[in-house]
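Here are the chains, one letter per residue:
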Amino acid sequence: MEVVQVLHMNGGMGDTSYASNSLVQQKVISMTKPIAEEAISNLYCSSSPSSLAIADLGCSSGPNTFFVVSELIEVVDKLCRNLGRQSPEYQVFLNDLPGNDFNSIFKSLPSYLKKMSQQLGPGSGPCFFSGVPGSFYGRLFPTKSLHFVHSSYGLQWLSQVPEALESNKGNIYMASTSPPGVLRAYYGQFQKDFSMFLKCRAEELVTGGRMVLTFLGRSSEDPSSKECCYIWELLALALNDMVSEGLIEEEKIHSFNIPQYTPSPSEVKSEVVKEGSFSTDRLEVSEVNWNAYDSGFSSSDAFSDGGYNVAKCMRAVAEPLLISHFGDAIIEEVFRRYKEILSDRLSKEKTQFINVTISLTKRG
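Since we're looking at a predicted model, the values are computed, not measured.

Peer 1: Whenever I open this one, the overall build of the protein chain confuses me. Can you help?
Peer 2: Secondary structure summary: the protein chain contains ten helices and seven strands in total. Taken over 364 residues, the protein chain has a buried fraction of 55%. Considering only residue pairs separated by 6 or more positions, the protein chain has 84% of its internal contacts joining residues 24 or more positions apart. For the protein chain, the computed accessible surface area is about 15100 Å², with 52% contributed by carbon and sulfur atoms.

Next up, the structure:
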């Protein structure tokens, strides 16, 4: 599987699109907002650049694309007013893999800019937007051209499916039944990718530049723990059921593995220390329910079918990967079964995604 070619969220604005099914990701951005705000405030107060270059890596498409950038610009604008300084010009780079729905982003840009200028009022610096297609596991920007880098729920995706996973039969990710070699292969690929990410960003950020990264991760030191692997194990159940009924070839599922690694806080920190270009300002863990509509107090029927909501959220993320491997004929049936499995599990247990957020400063 050529990850760069096939990994993208479902485009457009339809029922199965990422734009319509990314509430979990939006909640995570909201939860980690104070960390990003603190980082950009410290950056601006210590350097006061006349032009501020911000990159959002793994920007995807839909409402969340501008959500992060808006927050960051508002923080700086408010700081400028309080300090009596002139607002900087904002240069915003939106990056994702080439298959991302950049067209939707650009189509919604004029109305977003209009709304933004109304919100900020007169005196706010102009905003210039660019789309940057490409993998963030390589260089994307000129040397020392960025002040602030943000990435949320992008870095758990690997540059490729790890090699030597033949023994991971019946699983589509790390699972409780995966042999130790499979776990080692996944971790090794994460180390290689994240260290390359840090090396590239170290060249692109100015000294004192900031980076706030949020991974889908885990709090446990066990890479096959339920908190990070369970959601994929349940999808594997749906696929294996279809294998047993002859709807999918057994060989097809044996050769399918998800290119993702959900790191623990210590694994993230360890790569930062090893690479050496950044100091760590904050390292935090947070949790969000699988079912973004479930905040513990809603009894509304519209939000009660957690399996439906979670299956749609996962479909928006995983469908392109599944289609590239299995073809599109099985998709409706896979997600119908997955929804049933999820509904059953969600009615019996509390399920959460674990987020690992790290705030970094580029050393001199």
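Peer 1: Would you mind showing me how to read the nonpolar core here?
Peer 2: A general tendency of soluble globular proteins is for nonpolar side chains to be buried together. Of all hydrophobic cores here, the largest spans 64 residues; its most connected members are Phe194, Phe197, Met211, Leu213, Phe215, Trp232 and Tyr338. Apart from residues no more than four positions distant in its own chain, Met211 is found in contact with Val149, Phe197, Leu198, Arg201, Leu205, Phe278, Ile358, Ser359 and Leu360. Among the nonpolar cores identified, the runner-up in size contains 32 residues, and Ile40, Leu72, Ile73 and Val75 belong to it.

Peer 1: Could you clarify how one ought to interpret the packing of helix H5 (residues 180–204) against helix H8 (residues 265–275) in this entry?
Peer 2: Angle between the axes and distance between the axes: these two values describe a pair of packed helices. Two elements in contact, H5 and H8, have axes whose closest approach is 10 Å; the angle formed by their N-to-C orientations is 50°. As summarised for this structure, H5 and H8 are arranged oblique, according to the angle between their axes. Here the hand of the crossing between H5 and H8 comes out right-handed. Every residue of H8 that contacts H5 at Tyr187, Phe190, Gln191, Phe194, Ser195, Leu198, Lys199 and Ala202 is listed here: Glu267, Val268, Glu271, Val272, Lys274 and Glu275. Broken down by class, the residue content of the contact of H5 with H8 amounts to seven nonpolar, two polar and five charged.

Calculation criteria
- Residues numbered from 1 in each chain as written.
- Predicted model: local features only at pLDDT ≥ 70, side-chain atom pairs only at ≥ 80, totals over all residues.
- Heavy atoms only, no water.
- Helix = DSSP H or I, 4+ residues; strand = E, 2+ residues; numbered from the N terminus.
- Buried < 20%, exposed > 50% of the residue type's maximum accessible area, 1.4 Å probe, protein only.
- Contact = heavy atoms within 4.5 Å.
- Areas by Shrake-Rupley, 256 points an atom, 1.4 Å probe, with all protein chains shown as cover.
- Core = buried A, V, L, I, M, F, W, Y, C linked by side-chain atoms within 4.5 Å.
- Axes fitted to C-alpha atoms, helices over the stretch in contact; angles between N-to-C directions.
- Parallel < 35°, antiparallel > 145°, perpendicular 65-115°, else oblique.
- Left-handed = near helix turned anticlockwise from the far one by under 90°.
- Nonpolar A, V, L, I, M, F, W, Y, C, P; charged D, E, K, R; others polar.

Everything listed is a geometric property; what it means functionally is a separate question.
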